[in-house]
Every structure is written in structure tokens, then in C-alpha cells.
Amino acid sequence: MNRYVGEVVYIYAFDVAYEMMRLPVRELLGQPVAQFSVDASKRSPKQLFFYRPQMVRLPPLERIGPRGPLRLERVVKLLPVGALSITVSVPFEVARIEELVAYHDLQFSNGALHQEVRHLAEEVCRELSPYLVRPMAQLAEEEAYTVFCVESPLLTKEGTPLSAEDWLNTHRRQVASMLTQEPDIDHLSKQEAEESTGRYLSYYEHDLVVMDWDAALLMDDPQHFDETLYVMELANLQLAELEAYDRILDDALERSYRDLGEKPLRRKGDVLRELREIRVDLARLSDELSNITKFFGDWHLARIYQNISARFHLSDWHRTIDEKLKTLDNLYQLLQHDQTNRLMLILEATIVLLFVVDLVLLFVRLKG
């Protein structure tokens with residue numbers, strides 16, 4: 001190979017509120033807000049469907065990285081499910097693919113990238129506070145994903161183009177080292193190398209997408225990076241929201257079990273009302289989350305989404321949340337049934353009491 005040129009894209013997802021108002025945000029952090037759009041270059045349906053969030057492109061930053069000065073390009077996307085997605089792009093040019101291990105967890109001379117991104121998310125939340133419904137008191141841990149984007153076609157020193165799949169078969173161990181952030185390639189087993197690079201897709205001879213659970217390799221023409229990156233960004237966002245839903249359900253179940261114990265802290269009517277609200281809220285949020293990741297047709301980007309979803313175990317997260325929702329539903333039905341029985345008991349006692357009063361009055365009237 002001659003040299004590898006491209007950019008590393010760091011994707012961060014934050015759950016910031018219950019939801020965001022459906023009002024257009026005109027300006028954010030002093031920059032105009034626009035509608036995100038992407039054009040698919042691979043085979044796709046005639047009626048191309050993509051969720052288009054609001055986005056803002058922030059001024060670039062200059063930092064000192066592991067290999068000298070770096071230029072950071074930052075983009076913030078706003079989603080109505082109450083989430084932020086922040087992407088940071090850093091260009092690179094290296095002689096060997098394993099040199100990109102240093103970019104996996106990017107450190108600057110004055111701090112780390114994830115710290116800067118978290119400060120940026122907090123700043124965005126403060127400015128968006130009028131648009132946030134039930135905002136988080138404190139930001140939870142971000143969900144991060146790193147994508148190494150390499151410009152193609154790959155060329156040898158003689159200028160001969162290489163097939164992306166052939167290149168991967170020759171450099172599996174190096175790619176696995178980059179994706180797993182393992183600096184010593186020799187310590188990486190063959191099994192781990194094959195597992196980390198096992199999920200890959202290629203459409204043309206010169207493009208390639210290798211997906212692992214924490215990072216991915218994207219090899220394509222630079223003008224086609226955005227469409228694949230956006231699919232990965234949506235999957236990462238979906239994972240962050242599912243984790244947030246899971247935390248909400250855990251808290252709700254813990255409170256419900258405690259309140260149904262021997263010494264309840266709240267009345268059962270209050271517990272019943274909270275369970276009803278949570279069931280409705282999560283059903284609505286789940287529908288909103290599904291709407292931003294809809295794909296129609298058997299096309300390349302949908303296959304990428306399916307593979308990265310498998311890496312993130314999104315189906316397992318959905319299954320876990322569904323089971324917890326069923327548990328909440330059972331608790332709701334149990335409390336509802338208990339409340340109904342209590343009401344019926346009160347009605348029966350009232351009828352008996354009225355019958356006794358009627359008998360007493362009748363006895364008094366006869367005696368008189």
C-alpha cells in the first residue's frame with residue numbers, strides 16, 4: 001500500500017429529556033440550524049425514506065493529538081425522542097492501518113475528546129432547555145461509537161487499485177487490532193481477529209464496511225461516507241435510548257416492588273397511576289424510536305443497519321424491555337384487580353349495612 005488517508009468519526013449519543021418539542025430551532029450556539037439530508041449512492045427504493053433531524057454544524061477546533069495538530073469538525077443533531085447525537089470528525093494520514101489504534105480513544109495534550117463532547121452536550125442542553133420536556137437532571141453516560149473512514153480505491157505504490165475484500169482478507173489481524181484497540185497485534189488471537197472482522201459488507205469492488213461492537217471500518221469514496229455514517233449514528237442513538245428506557249423501567253419496578261411490600265411508602269392508588277403513566281409513556285417513546293430507524297426495501301444501507309443492530313444486540317435490548325413492560329403490566333393488572341375487589345367489598349358491606357338498617361327501622365316501626 002501507498003498510504004491510508006481518511007477521517008475518524010466519533011459518534012456520541014445522549015439521552016437528555018423525555019422528549020423535545022416539535023418546534024423548529026432557528027439557532028444553536030450561535031450557528032444556524034438546518035435540516036439534515038442524505039443521498040443514497042447504492043441501490044435503494046424509488047421512494048427513499050430517511051428520518052431527517054435538525055442539525056447544526058459548529059466551527060472547527062484545533063487540538064494537539066497523538067500525532068501532532070488536529071482539526072475537529074463537529075456536528076450536533078437534535079431528535080424529538082429527547083436525544084442528542086454529536087459527531088466529531090478528525091482527518092488522518094498513516095502508512096499502516098494499525099497506526100490508527102492511537103485514534104481509538106482520542107487524547108489531547110489538554111484532555112480527552114469524550115470530556116469535550118460531554119461539555120458540549122451540557123452546553124447544548126442548557127440552550128435547548130425551553131424545548132425540552134422533562135429534561136434529565138444530570139446527563140447519563142454517553143453511548144460512543146468510533147468509525148475509521150478510509151478513502152478508496154486503495155492503491156499500491158505502483159498505483160494499481162486493490163479489491164477491498166482482498167485487502168481485508170490480507171489485513172484481518174491489523175483491522176481487528178484497530179477495531180479492538182489492541183496495540184500489540186501479536187497478542188491478538190486468530191479467533192478474535194476473525195470474530196471482530198466477521199461482519200462485513202461490500203457493494204462495489206472498492207467499498208467495504210466492517211462492523212464490530214465498539215468501532216467500525218468504512219472504506220468508500222469520501223462523498224459516500226455520510227449515508228453509512230448516518231445509519232450507524234441512528235443505531236447508536238437507538239442503543240442509547242434503549243438503555244435509558246431500561247433504566248426508567250428498573251427504577252419503576254424497584255419503586256413498585258417496594259410500595260407493594262409490607263410497609264408501603266405510597267398509597268396503591270398513586271402506584272397504580274404511576275404504572276399507568278409509565279406504560280403509556282414507554283409505548284409512545286418506543287413507537288417514536290422505531291420511526292427514526294425505518295428502512296424500506298432490500299438495500300445496502302438496510303443490510304448495514306441489520307448487521308450493526310446485531311453487533312449492538314438491539315433485539316435483545318428490545319426483548320428485555322418488553323419483558324419488563326410485561327412485568328409492569330402484570331403489576332398494574334394485579335393492583336387494578338385488588339382495587340376492584342376492595343371496591344366490591346365496600347359495596348357489599350354497604351348493601352349489608354343498608355339491609356340491617358332497613359330491618360332495624362322495620363322492627364322499630366312494628367314495635368311502635
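Note: the structure precedes this text.
Remember, predicted model here, so these are calculated numbers, not experimental data.

1. A closer look at the nonpolar core
Membership of the largest hydrophobic core comes to 52 residues, with the highest contact counts inside it found for Leu84, Tyr103 and Leu217. Broken down by element, the residue count for this core peaks at seven residues, all from helix 1 (residues 113-128). When near neighbours in sequence (up to four residues on either side) are disregarded, Leu84 contacts Tyr12, Ala13, Phe14, Val16, Val76, Lys77, Leu78, Ala121, Val124, Cys125, Leu128 and Leu237. Formed by 40 residues, the second largest nonpolar core is a distinct cluster that contains Leu201, Ala235, Leu239 and Leu282.

2. Examining the packing of aromatic side chains
Taken as a whole and judged by the stated rule, the model has five aromatic pairs. For the ring pair Tyr145 and Phe312, a centre distance of 5.2 Å and an interplane angle of 90° mean the geometry is edge-to-face. Of this pair, Tyr145 sits in strand 12 (residues 143-151) while Phe312 sits in helix 7 (residues 300-312), and the two are 167 residues apart along the sequence. You can call Phe312 buried: its relative accessible area is 6%. Lying over the aromatic face of Phe36, Lys77 brings its terminal NZ or CZ to 4.8 Å of the ring centre. If you follow Arg134 out to its NZ or CZ, it ends over the ring of Tyr18, 4.1 Å from the centre.

3. Overview of the side chain of Ser196
Tracing the sequence through the fold places Ser196 in helix 4 (residues 190-196). Residue Ser196 is classed as buried on the basis of its relative accessible area, which comes to 1%. Reaching out from Ser196, the side chain makes a polar contact with the side chain of Glu192 at a distance of 2.8 Å. Residue contacts for Ser196: discarding those within four places in its chain leaves Ala176, Leu179, Thr180, Val210, Met211, Asp212 and Arg311.

4. Observations concerning helix 1
With 16 residues, helix 1 extends 22 Å between its outermost C-alpha atoms, agreeing within 8% with the 22 Å of an ideal straight helix rising 1.5 Å per residue. For helix 1, the complete set of buried residues consists of Leu113, Val117, Arg118, Leu120, Ala121, Val124, Cys125 and Leu128. Each buried residue of helix 1 sits inside an arc of 160° when the element is viewed along its axis, so together they form one side. Facing away from the buried side of helix 1 by more than 90 degrees, the exposed set consists of His119 and Arg126.

5. Considering the sheet that holds strand 5 (residues 34-35)
Within the open sheet, the nine strands sit side by side as 5-6-7-8-1-12-15-14-13. Their pairing is mixed. Looking at which strands have only one partner, the edges of the open sheet turn out to be strand 5 and strand 13 (200-201). As paired strands, strand 1 (residues 4-15) and strand 12 are joined by eight bridges and run antiparallel to one another. Counted as the bridge partner of Val9 is Val147 from strand 12. Relative to the sheet, helix 1 contacts strand 1, strand 6 (54-65), strand 7 (68-79) and strand 8 (83-94), its axis offset from that of strand 8 by approximately 145°. Sheet contacts for helix 3 (residues 172-180): strand 12, strand 13, strand 14 (208-211) and strand 15 (215-220); angle to strand 15, the most-contacted strand, approximately 125°.

6. A word on the pattern of salt bridges
Overall, the coordinates contain 16 salt bridges when judged by the stated rule. The residue Arg118 makes a salt bridge to Glu122 at a minimum N-O spacing of 4.0 Å. Residue Arg118 and its partner Glu122 are both found in helix 1; the two are separated by four residues, about one turn of the helix. Glu122 sits in the partly exposed class, given a relative accessible area of 31%.

Thresholds applied
Residues numbered from 1 in each chain as written. Predicted model: local features only at pLDDT ≥ 70, side-chain atom pairs only at ≥ 80, totals over all residues. Heavy atoms only, no water. Core = buried A, V, L, I, M, F, W, Y, C linked by side-chain atoms within 4.5 Å. Buried < 20%, exposed > 50% of the residue type's maximum accessible area, 1.4 Å probe, protein only. Helix = DSSP H or I, 4+ residues; strand = E, 2+ residues; numbered from the N terminus. Contact = heavy atoms within 4.5 Å. Phe/Tyr/Trp six-rings, centres within 6.5 Å; stacked < 30°, edge-to-face > 60°. Lys NZ or Arg CZ within 6 Å of the ring centre and 35° of its normal. Polar contact = N/O pair within 3.5 Å; in protein donor to acceptor, adjacent residues only side chain to side chain. Expected span 1.5 Å × (residues − 1). Arc of directions from axis to C-beta. Pairing = 2+ DSSP bridges. Axes fitted to C-alpha atoms, helices over the stretch in contact; angles between N-to-C directions. Salt bridge = Lys/Arg side-chain N within 4 Å of Asp/Glu carboxyl O.

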